[in-house]
Amino acid sequence: MLNNLQESETNFRYLADSMSEVFWLADPKKGGTIYVNNAYEKIFEVPGQTLLDNPMSWTDYIDKRDLNKVMGAL
């Protein structure tokens, strides 16, 4: 039997992995990505592990004309 935390995590993963939009979680304290859903690979055609290994790799998919604006908003 799952405890509440395990059940909550299972439900979260089911929801996040069924989304067609890219969704990821970052841990600012650790300075890295801790979760990326399946849509990342489908949309960007690279393994989700890429984002886990290099948390800023998502910036490779931003139009270079918009990159400064996006980074400034962070």
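Note: the structure precedes this text.
Calculation rules
Residues numbered from 1 in each chain as written. Predicted model: local features only at pLDDT ≥ 70, side-chain atom pairs only at ≥ 80, totals over all residues. Heavy atoms only, no water. Helix = DSSP H or I, 4+ residues; strand = E, 2+ residues; numbered from the N terminus. Rg over C-alpha atoms; globule rule 2.2 N^0.38 Å. Buried < 20%, exposed > 50% of the residue type's maximum accessible area, 1.4 Å probe, protein only. Contact = heavy atoms within 4.5 Å. Areas by Shrake-Rupley, 256 points an atom, 1.4 Å probe, with all protein chains shown as cover. Lys, Arg positive; Asp, Glu negative; His and termini not counted. Charge placed at Lys NZ, Arg CZ, Asp CG, Glu CD. Core = buried A, V, L, I, M, F, W, Y, C linked by side-chain atoms within 4.5 Å. Phe/Tyr/Trp six-rings, centres within 6.5 Å; stacked < 30°, edge-to-face > 60°.

Some words on the overall build of the protein chain
Phase 1 of the analysis: Regarding its fold elements, the protein chain presents four helices and two strands.
Phase 2 of the analysis: Taken against the 2.2 N^0.38 rule, which gives 11 Å for 74 residues, the C-alpha radius of gyration of the protein chain at 14 Å runs more than 25% over that of a compact globule.
Phase 3 of the analysis: Along the first, second and third principal axes, the C-alpha atoms of the protein chain reach 50 × 30 × 20 Å.
Phase 4 of the analysis: Evaluated residue by residue, the protein chain yields a buried proportion of 22% over its 74 residues.
Phase 5 of the analysis: Pairs at least 24 apart in sequence give 4% of the contacts found in the protein chain among residues at least 6 apart.
Phase 6 of the analysis: If you sum the accessible surface of the protein chain, you get close to 5,900 Å²; carbon and sulfur atoms cover 54% of it.
Phase 7 of the analysis: The distance from the centre of the 7 positive side-chain charges to the centre of the 11 negative ones in the protein chain is 6 Å.

With respect to the nonpolar core
Phase 1 of the analysis: Core analysis: the largest hydrophobic core is formed by six residues, namely Val36, Tyr40, Val46, Leu51, Trp58 and Ile62.
Phase 2 of the analysis: The residues contacting tryptophan 58, other than those within four sequence positions of it, are Trp24, Tyr40, Leu51, Val70 and Leu74.

Examining unusual backbone geometry
Phase 1 of the analysis: At glutamate 45, a residue that is not glycine, the phi angle is positive and equals roughly 60°.
Phase 2 of the analysis: Residue class for glutamate 45 comes out exposed when judged on its relative accessible area of 69%.

Concerning the side chain of asparagine 37
Phase 1 of the analysis: With respect to the secondary-structure elements, asparagine 37 resides in the loop between strand E2 (32–36) and helix H2 (39–44).
Phase 2 of the analysis: Since its relative accessible area comes to 2%, asparagine 37 is described here as buried.

Regarding the packing of aromatic side chains
Phase 1 of the analysis: Applying the stated rule across the entire model yields seven aromatic pairs.
Phase 2 of the analysis: Measuring from ring centre to ring centre gives 5.8 Å for tryptophan 24 and tryptophan 58, while their planes differ by 40°; the resulting arrangement is tilted. With tryptophan 24 in strand E1 (residues 24–27) and tryptophan 58 in the loop between helix H3 (49–53) and helix H4 (67–73), this pair connects stretches of sequence that are 34 residues apart.
Phase 3 of the analysis: With 6.5 Å between their ring centres and 90° between their planes, tyrosine 40 and tyrosine 61 make a pair best called edge-to-face. With tyrosine 40 in helix H2 and tyrosine 61 in the loop between H3 and H4, this pair connects stretches of sequence that are 21 residues apart.
Phase 4 of the analysis: Residue tyrosine 40 is classed as buried on the basis of its relative accessible area, which comes to 0%.
Phase 5 of the analysis: Clustering of aromatic rings is evident, with ring pairs tying together Phe12, Phe23 and Tyr35.

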